[in-house]
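Per-entry structural report
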Amino acid sequence: METFQHLMNGFAVALSPLNLLFATIGCILGTLIGVLPGLGPAAGTALLIPITFKLDPTAAIIMLAAIYYGAMYGGTITSVLVNVPGEAASVVTCLDGYAMAKQGRAGAALGIAAIGSFIGGTVATLGLVVMALPLSRFALKFGPPEYFSLILVGLSLVMALAGKSLTKALVMGVVGLIFSFVGIDPIEGAPRFDFGITSLLDGIRFVPVVMGFFGIGEILVNAEQSLGNVMVGEGKVSSFLPRRDEYRICLSAINRGTWLGFFLGLIPGTNSAVASFMSYAIEKKVSKHPEKFGTGVIEGVAAPETANNSYANAALIPLFTLGIPGSPTVAILMGALIMNGLIPGPLLFSEHATFVWAVIASLYIGNVILLILNLPLVNWWVKILKIPYNILVVFILIFCIIGAYSLNNSVFDVGMMIFCGLLGYVFKKLDFPLAPAILTLILGPQMERSLRESLSMSQGDYSTFFTRPISLVLLIITAIIFITSAWQALPSAVREESKEAQV
Amino acid sequence: MGGAGGRPTAEMSIVDRVSWSALLLFGVFVIYESLQIKYYGSDFGPGPGFFSFWLGILVVGLSAVEIGRTVGKRVPLPAGFFPDRAGVVRIACLLGALIAVVFLLEPLGYSLAMALFCLFLLRTLGKQPWWLTVVLTLAGSFGTAYIFRLLQVILPGGILGI
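Given the structure is predicted, the values throughout are model-derived calculations rather than measurements. (Residues numbered from 1 in each chain as written. Chains lettered and ligands numbered in written order. Predicted model: local features only at pLDDT ≥ 70, side-chain atom pairs only at ≥ 80, totals over all residues.)

Scanning chain B from N- to C-terminus turns up 5 helices and 0 strands. Element order for chain B, N to C, with α for helix and β for strand: α-α-α-α-α. Looking at chain B as a whole, 33% of its 162 residues qualify as buried. Within chain B, counting contacts between residues at least 6 apart in sequence, those at least 24 apart form 66% of the total. (Helix = DSSP H or I, 4+ residues; strand = E, 2+ residues; numbered from the N terminus. Buried ≥ 20, exposed ≤ 12 C-beta atoms within 10 Å, placed from the backbone. Contact = placed C-beta atoms within 7 Å.)

As a further point, take the overall build of chain A. From N to C terminus, chain A includes 21 helices and 2 strands. Within chain A, the fraction of its 503 residues that count as buried is 61%. A separation of at least 24 residues holds for 80% of the contacts in chain A among residues at least 6 apart in sequence.

A few words on the environment of N374 of chain A. All names here are of chain A. Here N374 shows up in helix α16 (residues 353-385). Its 26 C-beta neighbours within 10 Å are what place N374 among the buried residues. When the C-alpha positions of N374 and T258 are compared, they lie 20 Å apart, and in sequence the two are 116 residues distant. Dropping the residues within four chain positions of it, N374 is found in contact with T31, Y73 and A114.

Residues and elements named next belong to chain A. In the predicted model, chain A carries a mean pLDDT of 79, and 81% of its residues have values of at least 70. No element of chain A has a lower mean pLDDT than helix α3 (residues 41-48), which averages 63, and none a higher one than helix α18 (residues 411-429), which averages 92. Low pLDDT (under 50) marks residues 229-234, which in the prediction has 19 contacts with non-local residues, meaning those over four places away or in another chain. (pLDDT = per-residue confidence, 0-100.)

Attention shifts here to the packing of helix α4 (residues 57-82) of chain A against helix α5 (residues 91-102) of chain A. Residues and elements named next belong to chain A. Here α4 crosses α5 at 55 degrees, and the two axes come no closer than 6 Å. As far as their axial angle goes, α5 and α4 are oblique. For the pair α4 and α5, the sense of crossing is right-handed. Contacts between α4 and α5 pair T76, S79, V80 and L81 from the former with T93, C94, G97, Y98, M100 and A101 from the latter. Considering only residue class, the contact of α4 with α5 consists of 6 nonpolar, 4 polar and no charged. (Axes fitted to C-alpha atoms, helices over the stretch in contact; angles between N-to-C directions. Parallel < 35°, antiparallel > 145°, perpendicular 65-115°, else oblique. Left-handed = near helix turned anticlockwise from the far one by under 90°. Nonpolar A, V, L, I, M, F, W, Y, C, P; charged D, E, K, R; others polar.)

What follows deals with the environment of L110 of chain A. Here L110 of chain A shows up in helix α6 (residues 106-140). With 131 residues separating them along the chain, L110 of chain A and L241 of chain A place their C-alpha atoms 8.9 Å apart.

Before going further, it helps to spend a moment on the nonpolar core. Ranked by internal contacts, the top residues of the largest apolar core, which has 194 residues, are I62, A65, A109 and I438 of chain A. Ranked by residues supplied to this core, first place goes to α4 of chain A with 18 residues. Each of domain 1 (12-70) and domain 2 (85-150) of chain B accounts for three or more of the residues forming this core. (Core = buried A, V, L, I, M, F, W, Y, C linked by C-beta atoms within 7 Å. Domains from an automatic or database assignment.)

Residues and elements named next belong to chain A. Residue F193 is not a glycine yet carries a positive backbone phi of 45 degrees. Along the chain, F193 falls in the loop between β2 (191-192) and α9 (206-223). With 20 C-beta atoms packed within 10 Å, F193 lands in the buried category. A positive phi angle, near 50 degrees, is found at F195, a position not held by glycine.

Right, let's get into the packing of α5 of chain A against helix α12 (residues 299-314) of chain A. What describes two packed helices is the angle between their axes and the distance between those same axes. Residues and elements named next belong to chain A. It is at 8 Å that the axes of α5 and α12 come closest, and there the two elements cross at 145 degrees. Where α5 crosses over α12, the handedness of that crossing is left-handed. The residues of α12 that touch α5, namely those facing V92, T93, L95, D96, G97 and M100, are G300, V301, P304 and E305. Residues of the contact of α5 with α12, tallied by class, amount to 5 nonpolar, 3 polar and 2 charged.

Turning to the domain arrangement of chain B, a few remarks are in order. Often, the extent of an interface is quoted as the loss of accessible area on bringing the components together. Structurally, chain B comprises domain 1 (12-70) and domain 2 (85-150). Each of domain 1 of chain B and domain 2 of chain B has a C-alpha centre, and these two points are 39 Å apart.

On to α18 of chain A, then. In this model, α18 of chain A (19 residues) spans 27 Å end to end at C-alpha, consistent with the 27 Å of a helix rising 1.5 Å per residue. By the burial criterion, the buried members of α18 of chain A are D413, V414, G415, M416, M417, I418, C420, G421, L423, G424, Y425 and F427 of chain A. Considering only its buried residues, α18 of chain A is in contact with α9 and α17 (389-408) of chain A together with α3 (85-108) of chain B. One or two positions beyond α18 of chain A, positive phi appears at D431 of chain A, with a value near 70 degrees. (Expected span 1.5 Å × (residues − 1).)

Moving on, we get to the environment of G107 of chain A. Mapping G107 of chain A onto the fold places it in helix α6. Considered as a pair, G107 of chain A and L81 of chain A are 26 residues apart in the sequence and their alpha carbons are 9.6 Å apart.

Moving on: helix α2 (residues 50-70) of chain B. Residues and elements named next belong to chain B. In this model, α2 (21 residues) spans 31 Å end to end at C-alpha, consistent with the 30 Å of a helix rising 1.5 Å per residue. Buried within α2 are the following residues: F50, F51, S52, F53, L55, G56, V59, L62, S63, E66 and T70. Phi for G72, located one or two positions after α2, is positive at around 75 degrees.

Written as structure tokens, this is what we have:
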């Protein structure tokens, strides 16, 4: 009852005309940032922090939170229409979303993504209100061994997503991990793989890598053909609803995506990319036609988009209750909170109850605003992408350059983005999947830190991973995923061998 | 056989062998670099070089297996694997322009560097009419600089401070 009272007070603050205006501006700016390839929520939110300096803290955070989840949805638009994910969480949406767009079903893909995002976001916010305390207590039980085992679950799912070649996916996962080790070692502070370059001591930031792999790499692949002939989207985006026979599949996918995203959002150290990748893998596993994934199946868009938004809202729970950011974008929000004199953590609920509940209430409102804005405005957003590709390329590159540079005001990051663009182009040509590398690049530092902290805690005893119940369960899940994927890959490899032998 | 570039003897198995060999060398390099760092930490458990060392071993192992699999195989290249001459020129123009930006961004400043970048790419990739090229160049350089500076994004000013 007390929670309900707090929430009502929060709504009273969030529904004030000014806060409503800032939530709407945030949603529009966020979607624009998401639509512009190369500017993901992390870069976009960071980029726009300065414009909130003169606002009061509640309005500032409401606006930044709206930018954050607006960008999540905006990233979907470019993933579906141009095959360029705005950020890592949208990578998986490209697989079926872009395939749907090529079949002329971009509207249905964007529609189900908006509906799934709305349901996922709203349920997660409801869950935030009802279950924040007990669930955050559970998340508190996660020590380094549990984090390590959880990340292993995520990585084993990368193999489940491997597609044609398990070896290529594995190698790309390892390459991403090695990239993540560049810079100062998180435990002992020793420099690694820096080659005497000062800028490398800060590590390789994932935003230039994502922009390079998926933005510039894609542009280079497209540049092989005459750029005027590359279409952005297929025709007018219309009919936002799925086909009648797809409703049941979509609802089940949205249901699974909501709960998965919500649960992962509670666990600090995970990120929205894990939520979208895991939900995609789960849909593939439970599907009666897993072989069709990647060719434009609607649940391949519905599930990850729902999980992604559900995660985005639920990820605020560990931030508000424990002061632990779950993802880079949430970390940027945390920075904005601190800049506004609000220290995230358990005391935030007691010392700044009005603020916290106003932000929570604004999440509901923001989800409604996004749904109202995005479905009717998709064609307007699409107009930005209907500009001839040879002109659009120049502007995409400009935004990539600004995005990479503004992260740290460093030309080095621009160079890193170009290098990764060239790498991405080569890997695409050789049919090496890029998504595993991105996932491991993001998870690498946390994985290494968890492993080494676990072993320090257990005084070098590896059995610590098996004697802790949560860690053990997660390791068993990892083993099941790994064995199942390897087993499924084996016969196809054998078939491939025999086919090739006949050539 | 071969791509649009018309390389009659090219085979996918050769391309695969070269790419896996490059990855093998990368793995060897990672192992070498990891051995320069501490394998064990100061307390219990692994040090900074532990994880990367074993990942290097994994890359070398997987690459060796894949190189072994390509031996004695003759798999034709997929059509259009190598871009044609015009495609190579377009890719070179894009990469050249991007690399030039890295070197020109700070000395010339954002607006001037991006003006040259836009002008070059719009003429080489798009063959736009001159009036449109000029409008788009101004929008892409001074226009974006104005908007992003309005959003308080720091962009290099360069010699002219613009």
